[in-house]
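Residues per chain are reported as follows:
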Amino acid sequence: MDTVARWMRTYGPVCGEGEELDLYNWSIEEGDEVRELAEREHPQWQGRSLHRDLIGIHVREAQEAVTTWLACQRKGGLDALIEPDITEENLAQVREQDPEIQDLDSLRELELWERLEQLKKSLHAALGSFSVGVGSLTDRRPTIYSVAYLQMYNHIAENAVVRECASETCRRAFVRQRGRAEYGQNRTSGIKYCTRECARAQAQRELRRRRKQTPPAEPRHAESASEG
């Protein structure tokens with residue numbers, strides 16, 4: 001919550017509230033809970049408050065969407081993502097609601113469809129603030145949540161290449177390297193690290209390893225300049 005409060009102080013509200021929630025399913029699955037949470041405490045921005053659980057719902061929704069999108073960038077990634085859920089136990093639970101799901105292959109197709117639908121609906125709901133219309137974005141009050149989805153949408157639209165940071169202590173997924181921008185642009189090709197800091201830290205680690213592997217040089221003894 002300290003991080004969320006810092007976001008709000010810097011950028012504005014994390015998510016909408018009341019009828020302006022950014023979630024696609026708020027009125028169906030968690031409607032009553034969300035409406036109640038939207039009226040409670042923590043953290044505040046310009047006199048407005050958002051309950052921590054309401055923020056948690058938005059964060060989980062975004063994490064699910066990002067996880068699905070990143071999996072789609074890897075060959076077989078989406079199949080690998082859902083595979084832990086393809087079990088006989090889950091099949092039995094699903095069949096109670098949908099008898100047409102008869103086997104694990106049918107369950108796998110259902111899980112794939114639901115993952116992609118969740119991504120699509122999350123994007124659609126969060127991007128509502130950015131639809132074409134008269135007036136500025138200030139009038140539409142975009143939230144941090146909706147702006148994050150806008151960034152993901154831009155990556156999808158430009159068919160961006162998602163890389164994994166080569167720093168062994170980072171491994172974060174990224175599209176553009178930060179920290180070396182000129183004229184407001186960031187590099188997207190010929191890069192291995194998400195930031196200059198990661199590149200520098202990895203270079204220092206590899207240098208220390210090379211130094212450890214190199215045996216120390218034999219000491220040189222000065223020869224006597226004169227005899228006797």
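Here is a short report on the structure shown in this document. Source: prediction; values computed, not measured.

## Observations regarding the pattern of salt bridges
Argument step 1. Applying the stated rule across the entire model yields seven salt bridges.
Argument step 2. The salt bridge partner of Glu-64 is Arg-115, with a shortest N-O separation of 3.1 Å. Here Glu-64, found in helix α3 (residues 52–72), pairs with Arg-115, found in helix α6 (residues 104–126); they are 51 residues apart in sequence, far enough to count as distant.
Argument step 3. In this structure, Glu-83 and Arg-108 form a salt bridge, with 3.1 Å as the shortest nitrogen-oxygen distance. Note that Glu-83 is positioned in the loop between α4 (77–82) and α5 (88–97) and Arg-108 in helix α6, a separation of 25 residues in sequence.
Argument step 4. Judged by relative accessible area, Arg-108 falls into the partly exposed class, the value being 23%.

## Side note on the packing of α3 against α6
Argument step 1. Two elements in contact, α3 and α6, have axes whose closest approach is 9 Å; the angle formed by their N-to-C orientations is 120 degrees. Overall, the two elements α3 and α6 adopt an arrangement that is oblique. Seen from above, α3 lies across α6 with left-handed handedness. In this structure, α3 contributes Glu-61, Glu-64, Ala-65, Thr-67, Thr-68, Trp-69 and Cys-72 to the contact, and α6 contributes Arg-115, Leu-116, Gln-118, Leu-119 and Ser-122.

## Considerations on α6
Residues separated by three or four positions in an α-helix point in the same direction, a consequence of the helix having 3.6 residues per turn.
Argument step 1. Over its 23 residues, α6 extends 33 Å from the first C-alpha to the last, a length consistent with the 33 Å expected when each residue adds 1.5 Å.
Argument step 2. All of the buried residues along α6 are Leu-107, Glu-111, Arg-115, Glu-117, Gln-118, Leu-119, Ser-122, Leu-123 and Ala-126.
Argument step 3. Against the buried residues of α6 lie α3, α4, α5 and α8 (144–157).
Argument step 4. Two to three positions downstream of the cap, the backbone nitrogen of Asp-105 sits 3.3 Å from a side-chain oxygen, assigning the N-cap of α6 to Asp-103.

## Here we look at the nonpolar core
Argument step 1. Counting 21 residues, the largest nonpolar core has Cys-15, Tyr-145, Tyr-149 and Met-152 as the members making the most contacts within it.
Argument step 2. Breaking this core down by element, the ones donating at least two residues are α1 (2–11), α3, α6 and α8.
Argument step 3. The leading source of residues in this core is α3, at six residues.

Thresholds applied
- Residues numbered from 1 in each chain as written.
- Predicted model: local features only at pLDDT ≥ 70, side-chain atom pairs only at ≥ 80, totals over all residues.
- Heavy atoms only, no water.
- Salt bridge = Lys/Arg side-chain N within 4 Å of Asp/Glu carboxyl O.
- Helix = DSSP H or I, 4+ residues; strand = E, 2+ residues; numbered from the N terminus.
- Buried < 20%, exposed > 50% of the residue type's maximum accessible area, 1.4 Å probe, protein only.
- Axes fitted to C-alpha atoms, helices over the stretch in contact; angles between N-to-C directions.
- Parallel < 35°, antiparallel > 145°, perpendicular 65-115°, else oblique.
- Left-handed = near helix turned anticlockwise from the far one by under 90°.
- Contact = heavy atoms within 4.5 Å.
- Expected span 1.5 Å × (residues − 1).
- Polar contact = N/O pair within 3.5 Å; in protein donor to acceptor, adjacent residues only side chain to side chain.
- Core = buried A, V, L, I, M, F, W, Y, C linked by side-chain atoms within 4.5 Å.

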